[in-house]
Amino acid sequence: MLTIDVSSVTDERELHAVLAQTLHFPDFYGSNWDAFWDAITGLVEIPDHVRLTGWKHLSDRIPRGAIMLQRALDDYRQRCRPQFLAEYR
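Residues numbered from 1 in each chain as written. Predicted model: local features only at pLDDT ≥ 70, side-chain atom pairs only at ≥ 80, totals over all residues. Heavy atoms only, no water.

## A short note on helix H1 (residues 12-22)
For an α-helix the count is 3.6 residues per turn, leaving residues at separations of three or four pointing the same way. Here is the rule: Only protein chains enter the area calculation, which uses a 1.4 Å probe; residues under 20% of their type maximum are buried, those over 50% are exposed, and those in between are partly exposed. Working definition: helices are DSSP H or I runs of at least four residues, strands are E runs of at least two. Numbering for both runs from the N terminus. By the criterion applied in these results, polar contacts are pairs of N or O atoms within 3.5 Å in which, for protein atoms, one can donate a hydrogen and the other can accept it, and in which residues neighboring in sequence qualify only through two side-chain atoms.
Of the residues making up H1, those classed as buried are Leu 15, His 16, Val 18, Leu 19 and Ala 20. Where H1 begins, the side chain of Asp 11 points an oxygen toward the backbone nitrogen of Arg 13, at a separation of 3.3 Å. Looking one or two residues past H1, His 24 carries a phi angle of roughly 60°, positive in sign.

## As for the environment of Cys 80
Heads up, the rule is: We call two residues contacting when some pair of their heavy atoms lies within 4.5 Å.
Its location among the elements puts Cys 80 in the loop between helix H4 (63-79) and strand E3 (85-88). Exposure remark for Cys 80: the relative accessible area of 38% places this residue in the partly exposed category. Sequence separation between Cys 80 and Thr 41 is 39 residues, and the spatial gap between their C-alpha atoms is 7.5 Å. The residues contacting Cys 80, other than those within four sequence positions of it, are Trp 37, Thr 41 and Asp 75.

## Here's the deal with the packing of helix H2 (residues 33-43) against H4
Counted only if it meets this: Helix axes use the C-alpha atoms of the stretch in contact, all axes being lines fitted to C-alpha atoms, and the angles between their N-to-C directions lie in the range 0 to 180 degrees. Each angle gets one of four labels, with under 35 degrees taken as roughly parallel, over 145 as roughly antiparallel, 65 to 115 as roughly perpendicular, and the rest as oblique. A crossing counts as left-handed when the near helix is turned anticlockwise from the far one by less than a right angle, and as right-handed when that turn is clockwise.
Orientation of H2 relative to H4, taken along the N-to-C sense of each, is 30°, at an axis distance of 11 Å. One way to sum up the angle between H2 and H4 is to call them roughly parallel. Remark: the crossing between H2 and H4 carries right-handed chirality. Between H2, through Trp 33, Phe 36, Trp 37, Ile 40 and Thr 41, and H4, the contact on the second element is made entirely by Arg 64, Gly 65, Met 68, Leu 69, Ala 72, Leu 73, Asp 75, Tyr 76 and Arg 79.

Structure representation (structure tokens):
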């Protein structure tokens with residue numbers, strides 16, 4: 001399981017930076033939701049279980065970013081890896 005702490009994130013730019021660092025995205029990562037999808041589906045192998053901590057803070061502070069991240073991870077599970085589990089705490 002990989003834990004990603006998003007409790008101190010203040011904007012989408014910072015959210016993408018945290019995701020890129022934690023998930024080991026390449027340096028050319030584009031820091032947008034299309035690039036996030038491309039990264040998780042073809043550039044890196046993410047663990048079967050990801051726990052995002054500080055989720056309430058993220059969804060309160062950056063609601064669009066939280067929605068887009070959850071949607072991308074849900075789509076990833078449905079389309080690519082049914083065994084993938086994302087927890088939002």
